[in-house]
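Residues per chain are reported as follows:
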Amino acid sequence: QVQLVESGGGLAQAGGSLRLSCAASGRTNSVYGLGWFRQAPGKEREFVAAITRGGGRTNYADSVKGRFTISRDNAKNTVYLQMNSLKPEDTAVYYCASRGMGPYDYWGQGTQVTVSL
């Protein structure tokens, strides 16, 4: 199994920045991809960004392209989400997830991000 623990959420003003971290433990050698998802109140969970093991391939939701950057440090088994130019609509609980060669199958507990005007 893989355990994921997110940190770094909090309150930011519109236009500000936050950096989320997700530390993985357990069977980390089985992890190929890591991703960030978010869920706003009353909405379904949505994809935000993803990165492959070597970090050579990244993917972003259109809504965050150019503002968010995903990266990973394999030595620390940690993935990051740098969020810049935050907007109120970025307010959500952000979840880290991992996968092998299949779908995402391990999830963190989530961290709240709130963006105020």
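Each remark here, short or long, concerns the structure printed above.
An account of the accompanying structure is given in this report. (Residues numbered from 1 in each chain as written. Predicted model: local features only at pLDDT ≥ 70, side-chain atom pairs only at ≥ 80, totals over all residues. Heavy atoms only, no water.)

## Regarding the pattern of salt bridges
Rules: For this document, the term salt bridge refers to a Lys or Arg side-chain nitrogen within 4 Å of an Asp or Glu carboxyl oxygen. Accessible area is worked out with a 1.4 Å probe on protein chains only. A residue is then buried under 20% of its type maximum, exposed over 50%, and partly exposed in between.
Enumeration according to the criterion identifies four salt bridges in this entry. For Arg38, the salt bridge goes to Glu46, with nearest N and O atoms at 2.6 Å. On the basis of relative accessibility, which here comes to 6%, the residue Arg38 falls in the buried class. Between Asp62 and Lys65 there is a salt bridge, and its shortest N-O distance comes to 3.2 Å. For Asp62, a relative accessible area of 65% puts it in the exposed group.

## Description of the pairing of strand β1 (residues 2-7)
Convention followed: Helix and strand assignments come from DSSP, with helices taken as H or I runs of at least 4 residues and strands as E runs of at least 2, each series counted from the N terminus. Between any two strands, pairing holds if DSSP finds at least two bridges.
Going residue by residue along β1, you find Val2, Leu4 and Glu6 tucked away on one face and Gln3, Val5 and Ser7 left uncovered on the opposite face. Bridging between β1 and strand β3 (residues 18-26) involves six bridges; their strand directions are antiparallel. Bridge pairing in β3 places Ser7 opposite Ser21.

Nothing here speaks to function; it is all geometry.
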